[in-house]
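Residue-level structural notes
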Amino acid sequence: MKPSVYWTEDCPRPPDLPVSPLPETVDVAIIGGGYTGLNAALALRKAGASVAILEKESIGWGASSRNGGMALTGLKESMPVIFRRYGAEMGRAFWQWSLDAVDYVERLTTEEGIDCNFVRSGHLLLAFKPQHFAHFVEEVRWFRKQLGYTDLWVVGKAELHCEIGSTAYHGGLVDPRSAGLHPARYVFGLAQAAARQGVLLVERTALMDIRRIRTGFLVNTNCGTLSASEVLIATNGYTTNVIRPLRQGIFPVGSYIITTEPLPVSLQQELSPRGRMCFDSKHFLNYFRLTPDGRMLFGGRHNLSPSLDLIDSARKMQARMVEVFPQLAGVPISHTWNGNLGIALDLMPHAGRVNGVHYAYAYAGHGVSIASFLGKEMGEVLAGKRTSTLFAQINHPRYAFVPYDRFYLPLVSGWFRLLDFFT
Ligand SMILES: Cc1cc2nc3c(=O)[nH]c(=O)nc-3n(C[C@H](O)[C@H](O)[C@H](O)COP(=O)(O)OP(=O)(O)OC[C@H]3O[C@@H](n4cnc5c(N)ncnc54)[C@H](O)[C@@H]3O)c2cc1C
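Parameters at a glance
Residues numbered from 1 in each chain as written. Predicted model: local features only at pLDDT ≥ 70, side-chain atom pairs only at ≥ 80, totals over all residues. Helix = DSSP H or I, 4+ residues; strand = E, 2+ residues; numbered from the N terminus. Rg over C-alpha atoms; globule rule 2.2 N^0.38 Å. Buried ≥ 20, exposed ≤ 12 C-beta atoms within 10 Å, placed from the backbone. Contact = placed C-beta atoms within 7 Å. Near = placed C-beta within 6 Å. Nonpolar A, V, L, I, M, F, W, Y, C, P; charged D, E, K, R; others polar. Pairing = 2+ DSSP bridges. Axes fitted to C-alpha atoms, helices over the stretch in contact; angles between N-to-C directions. Core = buried A, V, L, I, M, F, W, Y, C linked by C-beta atoms within 7 Å. Domains from an automatic or database assignment. Left-handed = near helix turned anticlockwise from the far one by under 90°.

**Examining the overall build of the protein chain**
Secondary structure assignment for the protein chain yields 11 helices and 18 strands. On C-alpha atoms alone, the protein chain measures out to a radius of gyration of 21 Å, which is about the 22 Å that the 2.2 N^0.38 rule sets for 423 residues. Over its C-alpha atoms, taken along the principal directions, the protein chain stretches across nearly 65 × 45 × 45 Å. Scored against the burial criterion, the 423 residues of the protein chain give a buried share of 49%. Taking the contacts inside the protein chain whose residues are at least 6 apart along the sequence as the reference set, 75% of them involve residues at least 24 apart.

**Quick notes on the site of the ligand**
Near the ligand there are 43 residues, and of these G34, G62, G68, G339 and G367 occur at the shortest range. For the shell around the ligand, the secondary-structure elements that each account for two or more residues are α2 (35–46), β12 (251–260), β16 (333–343) and α10 (367–382). Among the residues forming the shell around the ligand, the class breakdown is 18 nonpolar, 21 polar and four charged.

**Observations concerning unusual backbone geometry**
One non-glycine residue, N236, lies in positive phi territory at about 30°. With a phi close to 50°, N355 is a non-glycine residue in the positive phi region. Position of N355 among the secondary structure elements: in the loop between β17 (350–354) and β18 (357–361). We classify N355 as partly exposed; it has 13 C-beta atoms within 10 Å.

**A short note on the sheet that holds strand β14 (residues 287–290)**
With mixed pairing, eight strands are arranged side by side in an open sheet as β5-β6-β4-β13-β14-β15-β12-β16. One side of each edge strand has no neighbouring strand; the edge strands of this open sheet are β5 (153–155) and β16. With direction set aside, neighbouring strand axes in the sheet form an average angle of 20°. Packing against the sheet, helix α5 (residues 130–147) makes contact with β4 (123–126), β5 and β6 (172–175), and its axis sits at approximately 160° to β5.

**Thoughts on the nonpolar core**
Formed by 126 residues in total, the largest nonpolar core has its most connected members in A29, I30 and V51. With nine residues, the top contributor of residues to this core is helix α6 (residues 183–196). If we ignore the near neighbours within four places in the chain, the residues touching A29 are A52, L54, V219, L226, A228 and V231.

**Describing the domain arrangement of the protein chain**
Accessible area lost when the parts come together is the quantity often used to give the size of an interface. Under the domain assignment used here, the protein chain contains domain 1 (6–122 + 177–416) and domain 2 (123–176). Here the C-alpha centre of domain 2 lies 26 Å away from the C-alpha centre of domain 1. Contact residues are listed per partner, giving 28 residues for domain 1 and 21 residues for domain 2. Looking at the side of domain 1 that touches domain 2, the elements with two or more residues in it are α3 (79–86), α4 (88–111), α8 (265–271), β13 (277–280) and α9 (310–324). It is β13 that provides the largest number of residues to the side of domain 1 that touches domain 2, a total of four residues. Residue composition of the side of domain 1 that touches domain 2, by class: 13 nonpolar, six polar and nine charged.

**Some remarks on the packing of α2 against α10**
The interhelical angle for the contact between α2 and α10, taken along N-to-C directions, is 35°, at an axis separation of 7 Å. Note on packing geometry: the crossing formed by α2 with α10 is right-handed. The residues of α10 that touch α2, namely those facing Y35, T36, G37, L38, N39, A40, A41, L42, A43 and L44, are G367, A371, S372, L374, G375, K376, M378, G379, E380 and L382. Class assignment for the residues of the contact of α2 with α10 results in 11 nonpolar, seven polar and two charged.

And the structure:
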């Protein structure tokens, strides 16, 4: 078992990706070279702006090359809660936006010729307890009534074998509009498209400090200083204290993944006959799917910490995977890795401007489509092509205690474990 990312081993960063030294001046400096930053850069170049992406490691190094590759409809917060909190009109707009985000990724990858195994496989939400399935049934009714959305359906426990080769769950909820893709192929394809269109990709360059000047900003990095009229922070789960109010609005959470060696085709068919993107209804949820080359990819966490031991976490994840799929007992694990998600206290994505600097983050495990589409919209805001985005219009909870998450994350983890036991 290798403690490394399967996706980037299958599709490494292209060695011929054109990278640039730090320029002296650009219209827009983007900090962070993942889906948010690259999609913003593409939109900005379309509008004729000069753009540099500053990435502390290499382009795509963060969550964008390490995730489960599930481009999901909806947001992390449930739509009924979103309706109660923001009202029906805004709720409908958020839902439609989430569908548009998946469509956007499909359109963009087609237009840019990014071969990233994008397939509308649909997603399957699995009921961990019988009462969760009862809730799915209500949810289908709610979606029909409030959103006119008729694409969702439930699958009872007796029929679940048509969807998944496991008896561990009490039914499922299917949305066929979600999709699966190869995250590393997607992010490196985006990087190549951005480079083709003249975006400067500046690697191994970390933002250290930003100062306001008359013409915009002085961006200080470990490789020197750049002046930019505007700055977009696109660092999501890797956001640091450089701009304190930004760090106070997000907490980074670790997510852990294992993959098996490729499985025989008959076993792939048995475990996931429809090739759906699957996840369950726990707080500490598990998510899983087959990779394009037929491995089982199984992810989740037993703790919110971003720095658990990868081998120990793989053993625990393997035990959980075998509880769900006893057929995988004894199948060797090929890779184990982790990455950081960014979550806000209200479970909503957030975007806007703070201390003059723009930002977009907190996708809470839904960033494949949301970071892409929100990144594009933020690029359009910076290019003056739109005035705002939906996510800039909601209150963004920020608290001084948030950056001290190592003190309270263990307590939150304990609380989630209790919730998973009792609810
Ligand atoms: C294990 C895992 C599984 C996931 N599964 C899914 C999934 O199946 N579906 C889904 O929708 N979402 C999933 N997500 C979430 C999704 O991957 C993210 O929401 C998305 O990739 C965020 O993109 P981003 O560009 O905003 O951030 P990232 O891709 O994380 O990029 C941020 C970049 O900022 C850089 N950076 C940080 N600080 C600095 C600095 N000071 N200077 C310069 N650069 C800096 C980092 O090096 C990093 O490369 C998963 C995440 C993880 C970790």
